[in-house]
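# Analysis of the macromolecular model
Below, each chain spelled out in residue letters.
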Amino acid sequence: MIVWRKSSYSQTSGTTDCVELANLGPEVGVRDSKAPERGHLALSVESFAELVARAKRDELNLSR
């Protein structure tokens, strides 16, 4: 059984934009908490770490 975890920041920030993560063995699962039925991305641990690092450095141009 896959156990999905939501960011602790989503509980306090009041935002509805949140992702959930799951340990998929050799990979990290990432999905939209508002639409889990749409499936998930499976990233290697290294790719996930790079994604998080780039997001922290604000390199992803995620502004709406």
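None of these values were measured; they are calculated from a predicted model.

### A few points about helix α2 (residues 45–56)
- Across its 12 residues, α2 extends 17 Å between first and last C-alpha, which sits within 8% of the 16 Å expected from 1.5 Å per residue.
- After α2 finishes, the residue D58 shows a positive phi value of roughly 60°.

### A word on the pattern of salt bridges
- Counted by the stated rule, this structure contains 5 salt bridges.
- Between E20 and R31 there is a salt bridge, and its shortest N-O distance comes to 2.6 Å. Taken together, the residues span a long stretch of sequence, with E20 in strand β2 (residues 19–23) and R31 in strand β3 (residues 27–32) at a distance of 11 residues. R31 carries the same exposure label as E20, and that label is buried.
- A salt bridge links R54 to E59, with the nearest nitrogen and oxygen atoms 3.3 Å apart.
- Judged by its relative accessible area of 32%, R54 is partly exposed.
- Classification of E59 as partly exposed rests on a relative accessible area of 38%.

Basis of the calculations
- Residues numbered from 1 in each chain as written.
- Predicted model: local features only at pLDDT ≥ 70, side-chain atom pairs only at ≥ 80, totals over all residues.
- Heavy atoms only, no water.
- Helix = DSSP H or I, 4+ residues; strand = E, 2+ residues; numbered from the N terminus.
- Expected span 1.5 Å × (residues − 1).
- Salt bridge = Lys/Arg side-chain N within 4 Å of Asp/Glu carboxyl O.
- Buried < 20%, exposed > 50% of the residue type's maximum accessible area, 1.4 Å probe, protein only.

As far as function goes, none of this settles anything; it's purely spatial.
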